[in-house]
Amino acid sequence: MPSNGMGTAGLVLGIISVAIFCLWPVAIVMGALALIFGSIGRGKARRGEATNPGQALAGMICGAVGLVLGLGMLAVLISTV
């Protein structure tokens, strides 16, 4: 049976990090976790242990976007102080 949990977790965390980028500490952590889980999921898919390489890649992309948005929000907050 395929173990698609890591790719799915990466996608969910990536979507959440993009959606709540205004809460920048949470978005940065979730974006980083999405990148980690997505890359683990891609590795499992490459080895044939999982069947969702697209979900894992989408999780990595969403995680990177959420991470950048969170860091951008942090930069905006620092520059206005």
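The structure presented is a predicted model; accordingly, all values stated were derived computationally and were not measured. (Residues numbered from 1 in each chain as written. Predicted model: local features only at pLDDT ≥ 70, side-chain atom pairs only at ≥ 80, totals over all residues. Heavy atoms only, no water.)

Some thoughts on the state of the cysteines
Now for step 1: A full pass over the atoms with the stated rule returns zero disulfides.
Now for step 2: Not engaged in a disulfide, the cysteine Cys22 finds its nearest cysteine sulfur in Cys62; these two sulfurs lie 17 Å apart.
Now for step 3: The class of Cys22 is exposed, set by a relative accessible area of 52%.
Now for step 4: According to the relative accessible area criterion, Cys62 is partly exposed, its value standing at 23%. (Disulfide = S-S within 2.5 Å. Buried < 20%, exposed > 50% of the residue type's maximum accessible area, 1.4 Å probe, protein only.)

Notes on the pattern of salt bridges
Now for step 1: All told, the structure shown has one salt bridge when counted by the stated rule.
Now for step 2: One salt bridge connects Arg47 with Glu49, and the closest N-O pair in it is separated by 3.2 Å.
Now for step 3: Since its relative accessible area comes to 56%, Arg47 is described here as exposed.
Now for step 4: Among the residues examined, Glu49 registers a relative accessible area of 37% and is labelled partly exposed. (Salt bridge = Lys/Arg side-chain N within 4 Å of Asp/Glu carboxyl O.)

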